[in-house]
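Descriptive analysis of the structure
The lines below spell out each chain.
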Amino acid sequence: MATPSSDAALPRSDLRFGEFVAIIALMMALTALSIDIMLVALPDIAATFALADPNDRQLVITAYLLGFAAGQPLCGPLSDRFGRKPVVAAGIAIFALGVVLAIIAPTFATMLWARALMGLGAAAPRIMAVSIVRDRFAGRGMARVMSFAMMIFIIVPIVAPFIGAAVLALGPWQWIFGTLLAVGGLLAGWTALRLPETLTPEHRRSLSPGPLAEAALTVVRSRPTVGYTVGMGFLFGSLMTYIGSAQQVFMEVYGLTTESFPVVFGIVASVMAVASLLNTRLVVRLGMRRLSHAALIGYVAAGLLMAVVGLGGEPPSLTVLVVLLMASFFCFGLIAPNFGALSMEPLGHIAGMGSSLTGFYTTAAGAGLGWLAGQAYDGTVRPLVIAFTVYGLAALVCVLVTERGRLLHASH
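None of the values given here were measured: they were computed from a predicted structure. The numbers attached to residues start from 1 for each chain and follow its sequence in the written order. Reporting of local features is limited, given that this is a predicted model, to residues whose pLDDT is at least 70; pairs of side-chain atoms are given and counted only at 80 or more, and all residues count toward the totals for whole chains, interfaces and linings. In computing side-chain properties, one takes all heavy atoms of the structure into account and sets aside hydrogens as well as water.

1. Observations concerning the packing of helix α1 (residues 17-36) against helix α3 (residues 59-82)
Where α1 meets α3, the axes come as close as 10 Å, and the angle between the chain directions of the two elements is 160°. With respect to their mutual orientation, α1 and α3 come out roughly antiparallel. Judged by the sense of rotation from one axis to the other, the crossing of α1 with α3 is right-handed. Facing L30, T31, S34 and I35 of α1, the residues of α3 in contact are I61, Y64, L65 and F68. For helices, the axis comes from a line fit to the C-alpha atoms of the stretch in contact; other axes are also lines fit to C-alpha atoms, and the angle between any two N-to-C directions lies between 0 and 180 degrees. Numbering of helices and strands runs from the N terminus, with a helix taken as a DSSP run of H or I at least four residues long and a strand as a DSSP run of E at least two residues long. Each angle is binned into one of four classes, with values under 35 degrees roughly parallel, values over 145 roughly antiparallel, values of 65 to 115 roughly perpendicular, and all other values oblique. A clockwise turn of the near helix away from the far one marks a right-handed crossing, whereas an anticlockwise turn of less than a right angle marks a left-handed crossing. Contacts are residue-level and defined by heavy atoms, with any inter-residue pair within 4.5 Å sufficient.

And the structure:
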C-alpha cells in the first residue's frame, strides 16, 4: 500500500490538518483522561468500599489498563476488515457502558469490572488513532504528526487531576465518571461527523484465520517492531509505576494536600508536552533513531541519579525528586513518538494488526510492571526509583539488541 511520507492530503473532506491532529489527539487522550482524572478520587473510592489494603486503590488504574490491553488485539483485525470509523464508534459505546456501570457499582469488584470494560472500549479509539495516522503518513512524517498529537494529548495528564479535584469539590467521585461520559459523547459525535474513513475498500483484509495469522507473523518477525515494542513496554512500566503510586508518594511521603497534589503532578507531566513539541522539529533534522537513542541514554542517566538519591536512609527532597522525574519524562516525550513510529514503519500494509499487537504488548507489559512496582509501595520512594532505574536499563538493552549494538546512527 502506497503511503505518503510527509504531510499528504487527507481523503476527500473539508477536514484541515489542524483539526485532524486534534481529533487524533482526543482519541489518544481518552485513556490518559480516564486514568489521571481518577487519581485525586482514589482515597474517596477506597473509603467508599472500605478497602483493607491501601495499595488496592491502585487496582482502579490496573483494571482499566488490563481491559485496555485486552481490547487492542481485537481492534486492528476488525478495523482492517470493516474500516476505522465503525470500530471507533463501537469502542466508544462499550466505554460508555463501562462508565455507567462504574457509577452504579455496588461493590469494589464491580467497580473493577466496570473499569476493565471502560478500558476495553477505549482501546478502539487509541489503536485507531495510530492506524489512521499510519494510513496517511510514513517515516518522519508519521513521527511529526504523532508528536503534534502527543503534544496536545500530554496536556491531559497536566489538567486531568485539576479537573478531578474540581469535580470532587462539587460532588461525589461518581461525578468524575459523568465527566468521562460527556467526553466520550463529544468524541463519538466529532469522529462520526468530521473524520473521514482512511482505509480504502481495496485495502481491506479478510478476517479468515489464514490472513490474520500471516499478518500477525509479519509483525512478530519484524526485528524493529519487536525490539522497539518490548523496549517501550519497559518504559511504559515506569510511567504506570509513577501514575499508580503518585498519589500515595506525594500525599503520604511528602504531605501534599488534595489541592497541591495536582499542581506538582501537572508540573512533572508538563515537560512531556515541551518534549513532544521539540520532537516535531528535531526529528526532521536528526532522524528517529538518533533522537530517540540520545533521549533513552538521558532517561537511563536520570533513573540512575534517582536511585542514588532515593535509596539512602532519608527520602530526597521534593524538589530533587520532581526535577529528576521531570528529566525522565522530558526524555520520555522524545522517546515515545519515535519508538512508536520505528515499530510501525515496516507495517504500513497491516497497520491495524500492527498497532493492535504492539499496543497490546506495551499496555499489558506496562500494566503488569507498574502493578508489580506499585504493590511494593512501602511508604517510601524506593519502589518508584528502583522501577525507573531497572526498567530504563532494560529498555536500553532492548534497543542495543535490536540495533545490534549501534546507537545514535542517523538512518530514518
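2. A closer look at the packing of aromatic side chains
Centre distance within 6.5 Å is the pairing criterion for rings of Phe, Tyr and Trp, where only the six-membered ring of Trp is used; planes under 30 degrees apart are then read as stacked, over 60 as edge-to-face, and the remainder as tilted. This model, assessed by the stated rule, comprises 13 aromatic pairs. Residues Y242 and F265 carry aromatic rings whose centres are separated by 5.5 Å and whose planes lie at 5° to one another, so their mutual orientation is stacked. Placement of the pair is Y242 in helix α10 (residues 223-253) and F265 in helix α11 (residues 260-286), with a sequence separation of 23 residues.

3. Comments concerning the packing of helix α12 (residues 288-310) against helix α13 (residues 318-344)
Look at α12 against α13: their axes get within 8 Å of each other, and the N-to-C directions meet at 155°. The pairing of α12 with α13 is recorded here as roughly antiparallel in orientation. As for how α12 packs across α13, the hand of that crossing is left-handed. Of the residues that constitute the contact of α12 with α13, the class distribution is 21 nonpolar, five polar and one charged. Each residue receives one of three labels: charged for Asp, Glu, Lys and Arg, nonpolar for Ala, Val, Leu, Ile, Met, Phe, Trp, Tyr, Cys and Pro, and polar for the others, Gly being one of them.

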